[in-house]
Amino acid sequence: MNKKLITVYDDIDPLNNVVSVLTLQAEEVFYVYHHDVAAKNFENIQKVLNRYRNIKTNFIQLNNDKEEIAKIISENEGILVDVSGAKYLSLLLFDMVKEKDNMILYYDDEENNIKDYRSHSIIRDDVFKLQIEDVLNLRGGEIVEHLHQAANDKKTQEAVVKLVENNVDNYQAFVRYITKLNTIINARDALGNNTYQLKQSDTLELMSDAEYEKTKELFTIDKGNRLQFTTRKLKEMISVSGAFLENYLYIKLKESGEFDDIKMSVVIDFSDDSYSYPVRCELDCLVIKDNKLLFVSCKSSKADASTLNEIYVHNHRFGNALSLPVLCVCEELDRKYPSIYAKGEELNIYLVDRSSFEEGKISEVFASIFDGTYVYDAVI
C-alpha cells in the first residue's frame, strides 16, 4: 500500500486528521484546506502524529483547487485519497480521482474502521487507538496536573471500594462523617505513622455516630484515644471528600480491563498565544475506548443544572464526533431529582446514579455507554 496520503484538513472533527494517517502508517501526508487556519491547529496535529511516527506533513492552503490538487496527485503516483471529512474539497478530491487507480478511503467513525470508498469494504478494522491526551491535544488542550493522585496500593484500593459500597445508601452521611473526622484530627497532635492523639470527647463523638460502623476500613481507635488511619493515602483522602468517589470509579473501571485509558482528577490547560495567563478547567475522570472519549463529572450528592452544563461544555470544547459527557451521582437521580435527570437526558448526558453503585455494576454501565446499549431510566 502506498505510504503517501492526501486528505482535507477537518476543523470540525479532529479524528479525521489523524486516524487514517496513523492506522495506515503513512510516511507523508498532504492536508489541503481553504480558509485561514491558526498555526496552532497544525502544531496540535503534528504533536499527536510525532508521538507515534516520524511523518512528513504538508499543510497546503489552496488558491486554485483543481490545479493544485492535480499537481499533488500527479507528483505522488498512487497516493492514497482520504475523503473522511464531509466537505466540498473531499467531494472534489473524490471527483478528481474516481477514474484513476488511486485507492479512495474513508474513516467510518460509527463502525470504527477504514473502508474503501468504491466498494465500501473494510480495509482496516484495527483502527489506531488514540490515548486520552491525544484527543485533548487535537483540541488544543494539555493535561498539566492531577489534583488528586489515584490510590495505587492494594490495601487503600480495597478500603475505598468497601467504604463507598457500604455507604452508598446514604452517601451524604458518609461525606458529613469524614468532614467531621478531618476537622477533629486537624485540631489534634500528630504522633507519626498516620496516628493522632484524640481527646476522650473526640472518641465518643466519632464512635457514637451511626457512620462509625460503616467506616471500619478507614481507621482504628485504641484505648488511649489514639486514632490510626489504615493507610497514609486514606488519611490524605479525608481532606477532599470527593476523592473517595473519584478513586472508586477509577479503581472499578481500571480493574475491569475493558477500557483503553483512564485518567482521574485532571487539570487541562487550553490557553494559547492570545491569553496572557493560563486558562484551565478540571475534570474528575476521563475514559477512552476505541477513540471514543467520555468526559466524567462525579458528584457525591445532588447535581444541579450548572453541573449538567459544565460537563456538557467540557465535552463540546475538548471532544470530537465520538466523545460523550457522563455524570456520576450517589443519588437516585430519576426518583429524587427527576427534572435534573430529564434535563440530562435531553442534553444527551449519560447519567450513572446510585443504583449502579449499589449493584456494583459501574464498569458494566460504562461499557454500555461505549457499545451503545445504555438505556435511561424512566422518569415517573
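This is a predicted model, so every value here is computed, not measured. (Residues numbered from 1 in each chain as written. Predicted model: local features only at pLDDT ≥ 70, side-chain atom pairs only at ≥ 80, totals over all residues. Heavy atoms only, no water.)

Quick notes on the pairing of strand β5 (residues 104-108)
Then step 1. Counting buried positions along β5 gives five out of five residues, so the element sits mostly inside the fold.
Then step 2. Both β5 and strand β6 (residues 113-116) contribute to a ladder of four bridges, which runs antiparallel. What sits directly across from Tyr-107, in β6, is Ile-114.
Then step 3. Two successive antiparallel strands, β5 and β6, enclose a turn made up of four residues, where Asn-112 displays a positive phi of approximately 55°. (Buried < 20%, exposed > 50% of the residue type's maximum accessible area, 1.4 Å probe, protein only. Helix = DSSP H or I, 4+ residues; strand = E, 2+ residues; numbered from the N terminus. Pairing = 2+ DSSP bridges.)

Digging into the sheet that holds strand β9 (residues 189-192)
Then step 1. With antiparallel pairing, the four strands of this open sheet are ordered in space as β9-β10-β12-β11. Across the chains shown, the open sheet's two edge strands, defined by having one partner strand only, are β9 and β11 (219-221). Ignoring which end each strand starts from, the neighbouring axes of this sheet average 25° apart.
Then step 2. The pairing of β11 with strand β12 (residues 226-229) spans three bridges and is antiparallel. By the bridge assignment for β12, Thr-220 is matched with Gln-228. (Axes fitted to C-alpha atoms, helices over the stretch in contact; angles between N-to-C directions.)

As for the pattern of salt bridges
Then step 1. In total, this model carries 23 salt bridges according to the counting rule given.
Then step 2. The closest approach of N and O atoms between Glu-75 and Lys-71, which form a salt bridge, is 2.8 Å. Of the two residues, Glu-75 and Lys-71 both sit in helix α3 (residues 65-75), four residues apart, roughly one turn of that helix.
Then step 3. Residue Asp-260 pairs with Lys-129 through a salt bridge whose shortest N-O separation is 3.6 Å. Placement of Asp-260 in the loop between α10 (242-256) and β13 (261-269) and of Lys-129 in the loop between β7 (122-124) and α5 (132-138) is noted, with a sequence separation of 131 residues between them.
Then step 4. The exposure class of Asp-260 is partly exposed, given its relative accessible area of 27%.
Then step 5. Exposure remark for Lys-129: the relative accessible area of 42% places this residue in the partly exposed category. (Salt bridge = Lys/Arg side-chain N within 4 Å of Asp/Glu carboxyl O.)

Some words on the packing of α3 against helix α4 (residues 88-97)
Then step 1. Their axes nearest at 11 Å, the elements α3 and α4 cross at an angle of 55°. The angle between α3 and α4 falls in the class oblique. As α3 runs across α4, the sense of the crossing is right-handed. From α3, Asp-65, Lys-66, Ile-69, Ala-70 and Ile-73 reach across to α4, where they touch Tyr-88, Leu-89, Leu-92, Leu-93, Met-96 and Val-97.
Then step 2. Residue composition of the contact of α3 with α4, by class: nine nonpolar, no polar and two charged. (Parallel < 35°, antiparallel > 145°, perpendicular 65-115°, else oblique. Left-handed = near helix turned anticlockwise from the far one by under 90°. Contact = heavy atoms within 4.5 Å. Nonpolar A, V, L, I, M, F, W, Y, C, P; charged D, E, K, R; others polar.)

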